[in-house]
Amino acid sequence: MNVMQPMPAEAANAADQQAEISARLERLPITREVFWARNIIGAATFFDGYTVIAIAYAMPVLVREWGLSPSQTGMILSMGYLGQLIGALLFGWLAEKIGRLKVLLFTILLFVSMDVACLFAAGAGMMMAFRFVQGIGTGGEVPVASAYINELIGSKGRGRFFLLYEVMFLLGLVGAGLIGYFMVPVYGWKAMFVVGLVPAILMIPLRWFLKESPRWLAANGRYQEADAIVTRMEESARAAGKELPEPKRVQAPVRRTSDWRELFQGIYLKRTLSIWAMWFTAYTVANGTITWLPTLYRQVFNLPLQTSILYGFLTSLGGVIAAVSCALLIDKVGRKRWYTGALLLAPLPLLTLAWLGATSAIQVLVLGGLAYAIVQTVTFSLYLYSAEIYPTRLRAFGTGTGSAWLRLGSSTGPIIVGTLMSSLGIQYVFASFAAILIIGAIVTMLFAVETKGRVLEELSP
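Please read all numbers here as calculations on a predicted model, not as lab measurements.

The N-to-C vectors of helix H3 (residues 70–98) and helix H11 (residues 268–299) enclose an angle of 125°; their axes lie 11 Å apart at closest approach. In terms of orientation, H3 lies oblique with respect to H11. H3 and H11 meet at a crossing whose hand is right-handed. In contact with Pro70, Thr73, Gly74, Leu77 and Tyr81 of H3, H11 contributes Asn287, Thr291 and Trp292. Split into classes, the residues belonging to the contact of H3 with H11 amount to 4 nonpolar, 4 polar and no charged.

Tracing the chain through its elements places Gly177 in helix H6 (residues 158–187). Using a relative accessible area of 0% as the deciding quantity, one classes Gly177 as buried. Ignoring sequence-local partners within four residues, the contact set of Gly177 consists of Tyr57, Ile309 and Phe313.

Angle between the axes and distance between the axes are the two parameters that describe a pair of packed helices. Packing of H11 against helix H15 (residues 361–379) leaves a shortest axis separation of 9 Å and a crossing angle of 145°. Where H11 crosses over H15, the two elements pack in a sense that is left-handed. For the pair formed by H11 and H15, the contact residues are Trp279, Ala282, Tyr283, Val285, Ala286, Thr289, Ile290, Leu293, Leu296 and Tyr297 on the first element and Ala361, Val364, Leu365, Tyr372, Val375, Val378 and Thr379 on the second. For the contact of H11 with H15, a count of residues per class yields 15 nonpolar, 2 polar and no charged.

Below, the discussion takes up helix H12 (residues 305–333). Helix length check: H12 (29 residues) gives 41 Å between terminal C-alpha atoms against 42 Å at 1.5 Å per residue, within 8%. If you look at H12, its biggest bend is around 40°, right at Ala327. Phi turns positive, to about 100°, at Gly334, one or two residues after H12.

Moving on, we get to the pattern of salt bridges. Inspection of every chain in the model, using the stated rule, returns 11 salt bridges. Two residues, Arg24 and Asp227, come together in a salt bridge whose shortest N-O distance is 2.7 Å. Taken together, the residues span a long stretch of sequence, with Arg24 in helix H1 (residues 8–26) and Asp227 in helix H10 (residues 223–239) at a distance of 203 residues. Its relative accessible area of 25% is what places Asp227 among the partly exposed residues. Between Arg100 and Glu151 there is a salt bridge, with its nearest N and O atoms 2.6 Å apart. Residue Arg100 is found in helix H4 (residues 100–118), and its partner Glu151 is found in helix H5 (residues 124–152); the two are separated by 51 residues along the sequence. Summarising the burial analysis for this pair, Arg100 and Glu151 share the class buried.

Calculation criteria
Residues numbered from 1 in each chain as written. Predicted model: local features only at pLDDT ≥ 70, side-chain atom pairs only at ≥ 80, totals over all residues. Heavy atoms only, no water. Axes fitted to C-alpha atoms, helices over the stretch in contact; angles between N-to-C directions. Helix = DSSP H or I, 4+ residues; strand = E, 2+ residues; numbered from the N terminus. Parallel < 35°, antiparallel > 145°, perpendicular 65-115°, else oblique. Left-handed = near helix turned anticlockwise from the far one by under 90°. Contact = heavy atoms within 4.5 Å. Nonpolar A, V, L, I, M, F, W, Y, C, P; charged D, E, K, R; others polar. Buried < 20%, exposed > 50% of the residue type's maximum accessible area, 1.4 Å probe, protein only. Expected span 1.5 Å × (residues − 1). Bend = angle between axes of the 7 residues up to and from the residue. Salt bridge = Lys/Arg side-chain N within 4 Å of Asp/Glu carboxyl O.

Now the structure itself:
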């Protein structure tokens, strides 16, 4: 372990300053600054979600226009997720070194520029390459944004506040469905990528109006900057008529540099392995389902293009409704209990679908959509949970490495669908997805820890 080597008094003073910043943040209500930070970052996350799924609504047209095979289709859908794997690791690590906001700006710039490139793709190879690089940007944005939002708020109501931000990602999926339904049949597949240029304007408020995470500043020895930001937040709360109680310190956090090996040491080993399993299993099923459905309806059940896109949109909408319910209830139910229950419940409609043979589009829409909605309550809230189980010195990187398994799962899911559809049949896709979720439920039950209502520094010293 790389432990910093200041004089003992200096180390103690630095830890005390970090604990003080945390205690002052814990007593704060949701201030105007934090509210708008969530909204601005949420807008970026909306377009991250849009960008991730846009290709799914372009694919029914591209399959016929470019004469793509099921394996080529699966590869195009998967390349973005493979890029996200690299982005999550790279930018999660970089955010620990240079700060949250600088990294967020660069990731947005990267995925918007690749949106432009996708407009000029002339075949499967070019689209794979552009989606891969674009994935590096989208993969880096969400874990860093998640760490940033978590670090601005206290433990009381953290789940609800954060998950209502995270719903923006799901609304991005729904927005892609609406754009796909109304614009792709009329203007073609490129319409999906033209709309994806909008988030470029978000770099203006990100650059000039948002402040760096005070928890990150304090953890990196920049106490005066952290103090100035928290003081402004306190003044804002008092100006709004809020009376602030005295700060209550928890145990001062351990003063260490960020070291990736700590993910596999002490209390963090089980946390790391359990969150990786949850990321991988839930996203293999969720993204394997949602990215393939429009093409599935079109190619297997021969539905009209608009109907195929509409059914995919309805599935995304069901996921948003389930996710909002989770956001409102998870602080009461608890993280571990919710995840275990959802991962055990979602296989039931999938197994039913496999038993029925998945012989009609309506069967897939109802039962596949139900399973997706249940799993979506897990997938969209894992950024909350990942940020809670690691200390500030590891939060962005730990969340990034965890979400790297999201990318592996998301790239694996479409490939599983394409392979099993070609060799065995569609019903085996749903049976395999059910088995994957059951494995995730068992790991969660055995190794996950409960985090609801606990201070971040108390959870992760």
